[in-house]
Amino acid sequence: MDINEEDIYNLTPLCNCCRKRMTRIIMPHSGFNESGDYLFHCKLSGKISKVNSIEEVIKTGKQESNT
C-alpha cells in the first residue's frame, strides 16, 4: 500500500458512534499518544478508540466495526 503519513492524517473515516465523517486519526508517534497505536478520535463525542487495521480503514474509508 502506497500512502504517506500526511494522507493518513487527513483521512476522515465514517465514525461508528455518530455515523458522520467527523473523525480524525491520531498518529502512533504523537506526543500525547502513549499507546503507540493509531487511534480514532470522534470530534463530536470526544470518544477515542484504537485502530486495529489502518490498511482496512484506508481501503474502506470507514471505522472498523466494534465486533
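The following paragraphs examine the structure supplied in this document. (Residues numbered from 1 in each chain as written. Predicted model: local features only at pLDDT ≥ 70, side-chain atom pairs only at ≥ 80, totals over all residues. Heavy atoms only, no water.)

1. Description of the overall build of the protein chain
Piece 1. When helices and strands are counted, the protein chain shows two helices and three strands.
Piece 2. Order of helices (α) and strands (β) in the protein chain, N terminus to C terminus: α-β-β-β-α.
Piece 3. Based on the C-alpha atoms only, the size of the protein chain along its principal axes is roughly 25 × 25 × 20 Å.
Piece 4. Out of the 67 residues in the protein chain, the part that is buried amounts to 30%.
Piece 5. Only carbon and sulfur atoms are counted for the fraction: they give 46% of the accessible area of the protein chain, which is about 4500 Å². (Helix = DSSP H or I, 4+ residues; strand = E, 2+ residues; numbered from the N terminus. Buried < 20%, exposed > 50% of the residue type's maximum accessible area, 1.4 Å probe, protein only. Areas by Shrake-Rupley, 256 points an atom, 1.4 Å probe, with all protein chains shown as cover.)

2. Concerning the environment of Leu-14
Piece 1. Tracing the backbone shows Leu-14 in the loop between helix H1 (5-9) and strand E1 (23-26).
Piece 2. Remark: the alpha-carbon pair of Leu-14 and Leu-44, spanning 30 residues in sequence, is separated by 12 Å.

3. Considerations on the sheet that holds E1
Piece 1. The strand order across the open sheet formed by three strands is E1-E2-E3, and the pairing between neighbours is antiparallel. Pairing within the sheet leaves two strands with one partner each, and these edge strands are E1 and strand E3 (48-50). Along the sheet, successive strands turn relative to each other by an average axial angle of 25°, direction set aside.
Piece 2. Inspection of the sheet shows E1 paired to strand E2 (residues 39-42) by four bridges, in the antiparallel sense. Bridging across to E2, Ile-25 finds its partner in Phe-40. (Pairing = 2+ DSSP bridges. Axes fitted to C-alpha atoms, helices over the stretch in contact; angles between N-to-C directions.)

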